2 protein chains.
Amino acid sequence: MGSVTGSLDRAGCEWLQYDYGSALMAGTRPASFTMWRYRKLLPVPDGPVRYPMPIGGTPLLSVPALRKASGTPHLWIKDETRNPSASNKDRATALVIEDGLRRGVGTITTASTGNAAVATAVGAAAAGMRAVIFVSTDCQPDKLALMTQARAWVFRVPAGYAAAVDLSRAAARAFGWLDRNTGANPFTIEAKKTVAFEVWEQLGRRLPDAMIVPVGDGPTLVALDKGFAELVSCGLATRQPRLIGVQAESCQPLVRAWSGVPAGPADLNPAGTAADGIAVVRPAIGDAVLDAVRRSGGSLLAVTESALLSAVATLAGRAGVGAEPAGAAALAGLECAVERGLVDRLETTVLLVTGREVKAGGAPPGAGRVAVAQGLDEVERALAGEC
Amino acid sequence: MGSVTGSLDRAGCEWLQYDYGSALMAGTRPASFTMWRYRKLLPVPDGPVRYPMPIGGTPLLSVPALRKASGTPHLWIKDETRNPSASNKDRATALVIEDGLRRGVGTITTASTGNAAVATAVGAAAAGMRAVIFVSTDCQPDKLALMTQARAWVFRVPAGYAAAVDLSRAAARAFGWLDRNTGANPFTIEAKKTVAFEVWEQLGRRLPDAMIVPVGDGPTLVALDKGFAELVSCGLATRQPRLIGVQAESCQPLVRAWSGVPAGPADLNPAGTAADGIAVVRPAIGDAVLDAVRRSGGSLLAVTESALLSAVATLAGRAGVGAEPAGAAALAGLECAVERGLVDRLETTVLLVTGREVKAGGAPPGAGRVAVAQGLDEVERALAGEC
């Protein structure tokens, strides 16, 4: 295949030549691999998928250089940074919006200061839906710019993140909007469980021995548990992989709960870590995380800031994978897990890289769509100007 | 499909239930869609592909919300931001490295201050190869950080970008490295032509009427020309789409050449545009660009800064696509092309979105791998300390 027959000069540019014929092109259609592949296990009725961007079907990378450098010959990376807004949050967003498109709901809301908010803004833009995001007033300007560029409405809530969640959920109830809040909508778990199905298929319909996962609010890990459990329920697997959750040392409520020494508020410093995506003081579905980890025979562990930053560099330098610190937490946890005997270097272990940070592209932040709100009336007034 | 039979409370988290059975899971293997699909038209001998990351197979988006907003019902976006380092440069990098892996060459070099350098660093890291990048001393710190995080060696060349290109090419010759410089290695065109094949297949083995493309050095547009020409050579198409190249108003050497009023050095201000990826004063294969545009019946046009930034916002807000200004140039050019009668709103038109900017993930920039060099001897000395 691919035999070059010569070379041609095209206005100073060298063009390789082949023995041209229609047989050089594949006859079949190029396949697509997206999470809709699993729609028999998703709450999606028959009929064409309306969501307009391909989601999921992310690579499971064999990372030869990282395997060699770390002495883990059966290590894999599930690279969720390849989703449209560069994180695994795109899966949940897509399923919630697909449901809304089918039911004729025109607005989606969530509270989040991070990837979920950006994914919601981007997904809504692609689907021609309105996104209404609630953030605390200390939300990063870069993330605000990504949201407003995608034409989302963003309400900054002075009373902080918990109040933002309450307001988003109240708005969803009051106005009949789609509620994409973590832990509030079971569709978010349904969508994210497809990562488990993909890993199983990409390993040749085999399960890994262990999967290491960053943990903030918890849905990513809990969804993997559900996905692997469903493979067992379907008679396609006989056991589930051990799930190992990773948190940042400065904010590790679930690691502390796991070890039987619950953390008080003074023990949790979310601002103390660069892994803002997992720096959650009160995980939305923490009990479900502890339950999933226990049933899987896994564990929870905390990693230092230097381990997180070093993992970012190692992913870039040994695997060609760009990750934000929260996205690199699984690799940071790997060494720790090996040292504690939670994972053997020779086992088949999958690291979930959940996301990377992207730039807002230099466009103006669209400040007209950012407002402060403390109650539903202010939200309603701000949106009233818009059709 | 996807009929939910009930709901289960799992430690406070709602789990939807299905009528489980193995038939709910697809029986076939999930397909992969990468540029290696076209290897009969690539200079890749038989045998397994060694490059460890999937490349290409990027989505052709139907952008319903953008179509509606812009009155272009047959508009498509080919979204190259979905490649591993978030730009179309990953294709060329992958093919050059694949060749090196087969021939046992352990180092790849390029000069570039932008996406090609980042793609080279990332691709080399994944392949366990050494990358040696040459940049001018005004290279952005963010891009330097991405390169050094990926363990590339970066040499800053005080005499500027043209000298960096010369030094990179001299080093490739002297040390037997892979030369990935734009216009120097025909494999870069070979790899990038796969975008044309993908568009054709994704449209159902049909060609668009026109394709609009950002133009800097030129290989992206010239490679599309070659890809479409090869479809004709293979007997799979009868004509080529019109190619419309877009440059930034402040640095439009090819638009000026096209219009018969060549630009002098004083007319070109690469620092005057946010679209740094296409702000090239002396395009490496400019003659080939002019030739390709002419033969295709296309054109070249320049867009203002405000049109570029507005295109970034429109891509985010109407298509859910994140792009850097250079990556958004095709959309900026669309309105202009319609006004001039180069494209009709009802035609099938594909916009190529070439890339987006990503962040370096907060990890230390690895300054130990950045050095200043004016000649090969300094390069050799700096690298001598390593393996």
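The structure displayed is predicted, hence computed values, not measured ones. (Residues numbered from 1 in each chain as written. Chains lettered and ligands numbered in written order. Predicted model: local features only at pLDDT ≥ 70, side-chain atom pairs only at ≥ 80, totals over all residues. Heavy atoms only, no water.)

The secondary structure content of chain A amounts to 13 helices and 13 strands. Projected onto its principal axes, the C-alpha positions of chain A cover 70 × 55 × 45 Å. The proportion of buried residues among the 387 residues of chain A is 62%. The long-range fraction of contacts in chain A, counting pairs at least 24 apart against all pairs at least 6 apart in sequence, stands at 70%. (Helix = DSSP H or I, 4+ residues; strand = E, 2+ residues; numbered from the N terminus. Buried < 20%, exposed > 50% of the residue type's maximum accessible area, 1.4 Å probe, protein only. Contact = heavy atoms within 4.5 Å.)

What follows concerns the domain arrangement of chain A. Residues and elements named next belong to chain A. Annotation of chain A at the domain level lists domain 1 (60-86 + 188-353) and domain 2 (106-176 + 360-384). Contacts between the two partners involve four residues from domain 1 and, on the opposite side, seven residues from domain 2. When the two sides are added together, the surface that domain 1 and domain 2 hide from each other amounts to roughly 380 Å², 34% of it contributed by carbon and sulfur. Looking at the side of domain 1 facing domain 2, the largest losses of area belong to Ser85, Asp276 and Glu324, adding up to 76% of the total buried there. Applying the counting rule to domain 1 against domain 2 returns one salt bridge. One salt bridge connects Asp276 with Lys143, and the closest N-O pair in it is separated by 3.4 Å. In terms of residue class, the side of domain 1 that touches domain 2 is made up of no nonpolar, one polar and three charged. (Domains from an automatic or database assignment. Buried area = accessible area lost by both parts, 1.4 Å probe. Salt bridge = Lys/Arg side-chain N within 4 Å of Asp/Glu carboxyl O. Nonpolar A, V, L, I, M, F, W, Y, C, P; charged D, E, K, R; others polar.)

Facing the 96 residues of chain B at the interface are 96 residues of chain A. Of the roughly 8,300 Å² buried where chain B meets chain A, counting both sides, 61% is carbon and sulfur surface. For the pair chain B and chain A, the interface holds two salt bridges. The shortest N-O distance in the salt bridge between Lys359(A) and Asp142(B) comes to 2.4 Å. Taken together, the links from chain B to chain A amount to 29 residue pairs in polar contact (both at pLDDT 80 or more). (Polar contact = N/O pair within 3.5 Å; in protein donor to acceptor, adjacent residues only side chain to side chain.)

A separate point is the UniProt feature "domain: Tryptophan synthase beta chain-like PALP" (unreviewed entry) in chain A. Sites flagged by UniProt as "domain: Tryptophan synthase beta chain-like PALP" (unreviewed entry) map to residues 54-355 of chain A. Summarising residues 54-355 of chain A: 44% helix, 16% strand, and an end-to-end C-alpha distance of 17 Å. (UniProt positions renumbered as here; feature names shortened; annotations may be inferred.)

Here the focus is the sheet that holds strand E12 (residues 349-353) of chain A. Residues and elements named next belong to chain A. Within the open sheet, the six strands sit side by side as E3-E4-E12-E9-E10-E11. Their pairing is mixed. In this open sheet, the two edge strands, each paired with only one partner strand, are strand E3 (60-61) and strand E11 (299-303). Against the sheet, helix H7 (residues 194-202) touches E3, strand E4 (75-79), strand E9 (210-214) and E12, its axis set at about 135° to E4. (Pairing = 2+ DSSP bridges. Axes fitted to C-alpha atoms, helices over the stretch in contact; angles between N-to-C directions.)

This next bit is on the pattern of salt bridges. Residues and elements named next belong to chain B. Across all of its chains, the model carries 40 salt bridges over all chains by this definition. The partner of Glu198 in a salt bridge is Lys78, and the shortest N-O contact between them spans 2.7 Å. You can see Glu198 sitting in helix H7 (residues 194-202) and its partner Lys78 sitting in strand E4 (residues 75-79), a full 120 residues away along the chain. Each member of the pair, Glu198 as well as Lys78, is classed as buried. Between Glu230 and Lys226 there is a salt bridge, with the nearest N and O atoms lying 2.9 Å from each other. With a gap of four residues between them, Glu230 and Lys226 both fall in helix H8 (residues 219-233), about one helical turn apart. Accessibility assignment for this pair places Glu230 and Lys226 in one class, buried.

Right, let's talk about the pairing of strand E10 (residues 242-248) of chain A for a bit. All names here are of chain A. Most of E10 sits inside the fold, with six of its seven residues counted as buried. Crossover E9 to E10 through helix H8 (residues 219-233) is right-handed. By the bridge criterion, five bridges tie E10 to E11 in an arrangement that is parallel. Within the sheet, the bridge partner assigned to Ile244 lies in E11 and is Ser299. (Right-handed = clockwise from strand over helix to strand, strands pointing away.)

All names here are of chain A. Packing of helix H2 (residues 89-103) against helix H3 (residues 115-127) leaves a shortest axis separation of 9 Å and a crossing angle of 40°. Classified by the angle between their axes, H2 and H3 sit oblique to one another. Pair H2 / H3 crosses with right-handed handedness. Here Lys89, Asp90, Thr93, Ile97 and Leu101 of H2 lie close against H3, whose contacting residues are Asn115, Ala116, Ala119, Thr120, Gly123, Ala124 and Ala127. Looking at the contact of H2 with H3 residue by residue, the classes come out as six nonpolar, four polar and two charged. (Parallel < 35°, antiparallel > 145°, perpendicular 65-115°, else oblique. Left-handed = near helix turned anticlockwise from the far one by under 90°.)

All names here are of chain A. When the terminal C-alpha atoms of helix H11 (residues 305-319) are compared, their 20 Å separation across 15 residues agrees well with the 21 Å that a helix rising 1.5 Å per residue should span. Three or more residues of H11 are buried, namely Leu308, Ala311, Val312, Leu315, Ala316, Gly317 and Ala319. Count one or two residues on from H11 and you reach Gly320, which has phi positive near 70°. (Expected span 1.5 Å × (residues − 1).)

What follows is about the packing of aromatic side chains. All names here are of chain A. Scanning the model with the defined rule gives ten aromatic pairs over all chains in all. Centroid distance Phe175 to Trp177: 4.9 Å. Interplanar angle 45°. Geometry classified as tilted. Here the aromatic residues Phe134, Trp153 and Phe155 are joined through ring pairs into a cluster of three or more. The aromatic ring of Trp76 is capped on one face by Arg67, whose charged end is 4.6 Å from the ring centroid. (Phe/Tyr/Trp six-rings, centres within 6.5 Å; stacked < 30°, edge-to-face > 60°. Lys NZ or Arg CZ within 6 Å of the ring centre and 35° of its normal.)

Right, let's get into the relation of the copies chain B and chain A. In summary, the two copies of the chain are related to each other by a rotation about an axis coupled with a shift along it. Each copy of the sequence occupies a distinct position, and chain B is placed on chain A by a rotation of 180° and an axial shift of 0.0 Å, giving an RMSD of 0.0 Å. Look at the turn and shift together and you get a two-fold axis relating the two. In terms of proximity to the rotation axis, the leading residue of chain B is Val358(B), whose C-alpha is 2.1 Å off the axis. By residue overlap, the copies meet face to face through one surface: 100% of the interface positions of chain B are interface positions in chain A. (Least-squares fit on C-alpha atoms with pLDDT ≥ 70 in both.)

Residue and element names in this part refer to chain A. Of all the eleven residues making up helix H12 (residues 329-339), nine are buried; the element is thus mostly covered by neighbouring parts of the structure. Among the residues making up H12, those that are buried are Ala329, Ala330, Leu331, Ala332, Gly333, Leu334, Cys336, Ala337 and Val338. Taken from the residues just after H12, Gly341 is the one with a positive phi, measuring 75°.

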